[in-house]
Amino acid sequence: MIENPERPKRDRLAAFFEAFDLSVAMVSQDAAGATANLVVTGQAGLAERVVLYARGDNRRQPNLLVAAVVDFGGSTNPLMNALPEMVEVNLDGRPTLQALVGIFVTEGHGNRCGQRVALNRLCELIVLLVLREAIDAGATKPGLLAGLSHPALHRAIVAMHDDPARSWTVEQLAEITGMSRSRFMDVFPRILDTTPAAYLNAWRLMLGQRELARGGQVKSVARRVGFGSAAAFSRAYSRMFGSPPISVRTARPEVGNASAPTKDEGGEPASILPAGLAD
């Protein structure tokens, strides 16, 4: 078989925007104690820089034009957890992002009908473009961002994101990346600090948690995210989040921290993970 060197491009961000809701609330510049994680700075009303703080707040900056609180799945979004503390993008030479941020600033200072909808839509695009910049810049330590930035591994990660219920094997994922099985199993843990089986297990559970929070039934959610039974899903869920999945449907709290695990979570080889991925 002749391998096609032109492997199809895979969308590294779509799954996160499909799985996690994004909302924005503007913060008054003189609001004491407000927590802002998206700020735009510039001079004479012209935006020059946008900064996304993945964890924490640094709203008080010189030349601040607008500040906002952006919620992109909270602590449950593994991509936000994987970002550095600050992602800073200079708008010079980035006309698309500069135009969007300029409109965002104008809307943020206005009070016209549909403002909340406009801000949410604009913010979604701004965050998406900022995340592109973060992926293009790469990462200095192992984790999800490093995996998404990797020229080959990102294909396997996106494949699991896009089809979590599939019975993935190591051989299939390795083929997607263009690596041998042994090379893939060597590189994946070094770049992401977790095994393919553990990553897939965690991603399935995160998706399940979101579906439960939106009113899904345990049995149907378990099937949709790739578990062989509701019992297997419940056991894995309890191990990862510390409480059974039924607790989400009864209390509907904000889902907890769901960073991709750094070690194998010890899932059920027969019913939680495909046999080919069980270590």
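Reference entry: report on the structure contained in this document. Being a predicted model, the structure only gives us computed values, none of them experimental. (Residues numbered from 1 in each chain as written. Predicted model: local features only at pLDDT ≥ 70, side-chain atom pairs only at ≥ 80, totals over all residues. Heavy atoms only, no water.)

1. Structural notes on the side chain of R155
So, point 1. Position of R155 among the secondary structure elements: in helix α6 (residues 153-162).
So, point 2. Polar side-chain contacts of R155 include one of 3.4 Å to the backbone oxygen of P151. (Helix = DSSP H or I, 4+ residues; strand = E, 2+ residues; numbered from the N terminus. Polar contact = N/O pair within 3.5 Å; in protein donor to acceptor, adjacent residues only side chain to side chain.)

2. Overview of the packing of helix α3 (residues 95-109) against helix α4 (residues 115-137)
The relative placement of two packed helices comes down to the angle between their axes together with the axis-to-axis distance.
So, point 1. Relative to each other, α3 and α4 sit at 150 degrees, their axes nearing to 10 Å. Regarding the angle of α3 to α4, the classification is roughly antiparallel. The crossing of α3 and α4 is left-handed. The residues of α4 that touch α3, namely those facing T96, L97, L100, V101, I103, F104, E107 and G108, are Q115, A118, L119, L122, C123, L125, I126 and L129.
So, point 2. Looking at side-chain class alone, the contact of α3 with α4 contains 12 nonpolar, three polar and one charged residues. (Axes fitted to C-alpha atoms, helices over the stretch in contact; angles between N-to-C directions. Parallel < 35°, antiparallel > 145°, perpendicular 65-115°, else oblique. Left-handed = near helix turned anticlockwise from the far one by under 90°. Contact = heavy atoms within 4.5 Å. Nonpolar A, V, L, I, M, F, W, Y, C, P; charged D, E, K, R; others polar.)

3. Considering a negative patch on the surface
So, point 1. On the surface, D11, E18, D162 and D163 cluster together to form a negatively charged patch.
So, point 2. Using a relative accessible area of 47% as the deciding quantity, one classes D162 as partly exposed. (Patch = residues over 30% accessible without salt bridge, like charges linked within 9 Å, V, L, I, M, F, W, Y side chains within 5 Å. Areas by Shrake-Rupley, 256 points an atom, 1.4 Å probe, with all protein chains shown as cover. Salt bridge = Lys/Arg side-chain N within 4 Å of Asp/Glu carboxyl O. Lys, Arg positive; Asp, Glu negative; His and termini not counted. Charge placed at Lys NZ, Arg CZ, Asp CG, Glu CD. Buried < 20%, exposed > 50% of the residue type's maximum accessible area, 1.4 Å probe, protein only.)

4. Brief notes about the side chain of N120
So, point 1. Turning to its location among the elements, N120 is positioned in helix α4.
So, point 2. Once residues lying within four places of it in the same chain are set aside, the contact partners of N120 are L22, S23 and V24.

5. Digging into the nonpolar core
So, point 1. Grouped together as the largest cluster of nonpolar side chains are 78 residues, with contacts concentrated most on V50, F72, L83, V101, F104, F184 and F233.
So, point 2. Ranked by residue count, the leading element in this core is α4, at 10 residues.
So, point 3. If sequence neighbours within four positions are ignored, F72 has contacts with F16, F17, F20, D21, L22, N77, M80, V127 and L131.
So, point 4. Counting residues in each nonpolar core, the second largest holds seven residues, with A36, V39, Y53 and A67 among its members. (Core = buried A, V, L, I, M, F, W, Y, C linked by side-chain atoms within 4.5 Å.)

6. Some remarks on the environment of T35
So, point 1. Mapped onto the elements of the fold, T35 is located in the loop between β1 (22-27) and β2 (38-43).
So, point 2. The class for T35 is partly exposed, based on a relative accessible area of 49%.
So, point 3. Separated by 32 residues in the primary sequence, T35 and A67 have C-alpha atoms spaced 9.0 Å apart.

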